[in-house]
Amino acid sequence: MNDHGFVSAATVFADRFYMSDTALRELSTLGGYACAGAGNAEDLAEKIGSSSAVKVIVSEYVPINDVVLSHAPELQGVIAYGAGYNHIDVKAMKRGGVKPCNCRGENAEAVAELAFGLMLSLLRRIHRADAWVRAGEWVKAGMVLPEWASGRELWKKTLGVIGLGQIGARVVRIAKGFGMETIAYDPCMSSEVYSRLGVEPVTLAGLLSRSDVVTIHVPLSSETEGMLDSLALAGAKPGMILVNTSRGRVIDEEALVAALQTGLIEGAALDVFAAEPLPAGHPLTGMDNVILSPHMGALSREAGDRLSDSVVRQVRAILEGGSPEGLIR
Ligand code: NAD
C-alpha cells in the first residue's frame, strides 16, 4: 500500500494464491510486491488507483482487461498464475504494449495426476466407500459388500485425450503405465508429436465413440467452448466416463447433466465448472455417479513452488525488457 491507500509495488498479485517464501524474497529485491486480493477487474483497477509503480500484474482468476490497463499506466507485463489464461485479454495487452504471459507446464504433473486420481476414484468408488465406512455402514452390512463396491479397471481400456499439450502429454505417459490404449484429438499437434508419444490421432467423434474414459485438457477458447455438447455426447461409447480438469465451459453442463441422468454416459469426475464456486444445490451435487472437486488440479505443493519460481523468472525478464519464458504469442 502507498500513502494514498493504493496497492503499489513493481509486482501486484491481483488475487490470492500461493507464492513460496524464496520467491517472495526475490520479488522484494525486484521492486517489491503487494497483494490486491481483488474480486474482479474493476476492484483491481480501483485498488491500483493509477499507480505508476505497478509494472507487472500476476493473476490467477481476476480478469485483466482494458479496465485494468487504464489504471496501470506503466504496466509492462501480465502473468497468468497457471496454464489457463482465458481471464487475460491477450489482444488488449498486446495493443497496450503489455507482455501477456502464462506459466505453462509448471502445474502439468499436478493436473495429470489429479485426472488419474479422479478416474480411479470414479471407477473404484473410492469416495463413496470412504463415506460408507465412516458412516458405520460396513459394520451393519458385514462382509457382503453392496453391488456398487464392485468397480472397473483401467487396464486394457481406451483412454481418449482431448488436447495433447503439456497436461495431455503427461496423461498419456501415465496411462501407458496403467496398460491403457491411448487415442487423442488435438488438430494443432503434428504427426511427429503423436508418434513420439505413441498415441493414435483421431477425430473428436472417433474419440468419443471408442473411449472408455475421456479426459479433457484443452484451453477455454471460442473454439473449445461447448465442444462437448448434446450432439457430441450422443456419440459416446456406452459406459464411458468423462473427466474434466480443463475449464468447465468446454462442456455444455446442461447436456452433461442430461447425459448422466439418462445413462448415456456412466459417470463424470469434474474439477472445473461453468460457474465457480459450483452453486449449492446444482443438479451435479445430487448425483451418485459424479465426483466433484473444487478446481484444485494445480494445487500440489511441488507445483506451487514451480509456479512461484516461474513468476519470479518472468517478472525479472519483464523488468529487464527481455522475453519471458511464458510469453503468449
Ligand atoms: P497446453 O497449451 O500445453 O495444451 C493445450 C492443448 O490443447 C494444445 O496442445 C492445443 O493444441 C490443444 N487445443 C487447443 N484448441 C483445441 C481444440 N479446439 N481441439 C483440440 N485440442 C485443442 O495447456 P496445458 O498446460 O496442457 O493446460 C490445458 C488447460 O488445462 C489449460 O488451458 C487450463 O484451462 C487447464 N488447467 C486447469 C487446471 C486446474 O486446476 N484444473 C490447472 C492447469 C490447467
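Worth saying up front: this structure is predicted, and the values here are computed from it rather than measured.

### Some details on the domain arrangement of the protein
Size of an interface: often given as the accessible area lost when the parts come together. Partitioning the protein into structural domains gives domain 1 (11-105 + 301-319) and domain 2 (108-292). Each partner contributes residues to the interface: domain 1 has five residues there, and domain 2 has seven residues. For the pair domain 1 and domain 2, the two sides together bury roughly 530 Å², of which 49% comes from carbon and sulfur. A per-residue breakdown of the area domain 1 buries against domain 2 is headed by Asn86, Gly105 and Arg306, which together make up 64% of the total. Scanning the region where domain 1 abuts domain 2 turns up zero salt bridges. Remark: the boundary between domain 1 and domain 2 carries two residue pairs in polar contact (both at pLDDT 80 or more).

### Focus: the nonpolar core
Counting 31 residues, the largest nonpolar core has Ile162, Leu228 and Leu242 as the members making the most contacts within it. At the level of elements, α10 (204-210), β9 (213-216), α11 (230-234), α12 (253-262) and β11 (267-270) are the ones that each hand at least two residues to this core. Among the elements that make up this core, the one with the highest residue count is α12 (five residues). Counting 30 residues, the second largest nonpolar core, distinct from the first, contains Ile167, Met180, Tyr194 and Leu197.

### Regarding the side chain of His295
Mapped onto the secondary structure, His295 falls in the loop between β12 (290-292) and α13 (301-319). When near neighbours in sequence (up to four residues on either side) are disregarded, His295 contacts Tyr61, Arg247, Asp271, Val272 and Glu276.

### Quick notes on a negative patch on the surface
Among the surface-exposed residues, Glu113, Glu302, Asp305 and Asp309 lie close enough to one another that they form a single negatively charged patch. The biggest single contributor to the negative patch is α13, with three residues. Turning to its location among the elements, Asp305 is positioned in helix α13.

### Points about the site of the ligand
Gln166, Ile167, Asp186, Thr245 and Asp271 are the nearest of the 28 residues found near the ligand. Here Ala298 contributes a backbone N or O atom positioned 3.2 Å from an oxygen atom of the ligand. When isolated, the ligand has an accessible area of 860 Å², and the protein chains bury 88% of it.

### Focus: a nonpolar patch on the surface
On the surface, Val133, Trp138, Met143 and Leu145 cluster together to form a nonpolar patch covering roughly 420 Å² of accessible area. Inspection of the secondary structure assignment puts Met143 in the loop between α7 (137-141) and β6 (158-162).

### A closer look at the environment of Thr224
Topologically, Thr224 is positioned in the loop between β9 and α11. Separated by 175 residues in the primary sequence, Thr224 and Gly49 place their C-alpha atoms 35 Å from one another. Excluding residues within four positions of it along the chain, Thr224 makes contact with Val218, Pro219, Arg249 and Val250. A distance of 2.6 Å separates the side chain of Thr224 from the backbone oxygen of Pro219, its partner in a polar contact.

### As for the side chain of Asp186
With respect to the helices and strands, Asp186 occurs in the loop between β7 (181-185) and α9 (191-197). Despite its burial, Asp186 pairs with no opposite charge; the closest candidate is Arg196, at 11 Å N-O. Beyond its immediate sequence surroundings of up to four residues, Asp186 is in contact with Gly163, Leu164, Gly165 and Tyr194.

Conventions used here
- In every chain, residue numbers begin from 1 and rise along the written sequence.
- Totals for whole chains, interfaces and linings use all residues, but because this is a predicted model, local features are given only for residues with pLDDT of at least 70 and pairs of side-chain atoms are given and counted only at 80 or more.
- Computation of side-chain values covers all heavy atoms of the structure but excludes hydrogens and water.
- The split of the chain into domains comes from an automatic or database domain assignment.
- We call two residues in contact whenever any of their non-hydrogen atoms come within 4.5 Å of each other.
- Summed over both partners, the accessible area (1.4 Å probe) lost when two parts come together is defined as the buried area.
- Salt bridges are identified by distance alone: a Lys or Arg side-chain nitrogen within 4 Å of an Asp or Glu carboxyl oxygen.
- Definition of a polar contact: a pair of N or O atoms within 3.5 Å, with one able to donate and the other able to accept a hydrogen when the atoms are protein atoms, and with sequence-neighbouring residues admitted only if both atoms are side-chain atoms.
- By nonpolar core we mean a set of buried residues, namely Ala, Val, Leu, Ile, Met, Phe, Trp, Tyr and Cys, connected to one another through side-chain atoms within 4.5 Å.
- The classification of residues rests on relative accessible area computed with a 1.4 Å probe and restricted to protein chains. Under 20% of the type maximum is buried, over 50% is exposed, and intermediate values are partly exposed.
- Here a strand is any run of E in DSSP of at least two residues, a helix any run of H or I of at least four, and the numbering for each starts at the N terminus.
- What makes a patch is a set of residues exposed beyond 30% relative accessible area and free of salt bridges, joined within 9 Å when like-charged and within 5 Å when nonpolar (Val, Leu, Ile, Met, Phe, Trp, Tyr).
- For the area figures, the Shrake-Rupley method with a 1.4 Å probe applies, and any residue is considered shielded solely by the protein chains shown.
- Counted as positive: Lys and Arg. Counted as negative: Asp and Glu. His and the chain ends are not counted at all.
- For this purpose, a charge sits on NZ of Lys, CZ of Arg, CG of Asp or CD of Glu.
- Being near a molecule or strand, for a residue, means having at least one of its heavy atoms within 4 Å of it.

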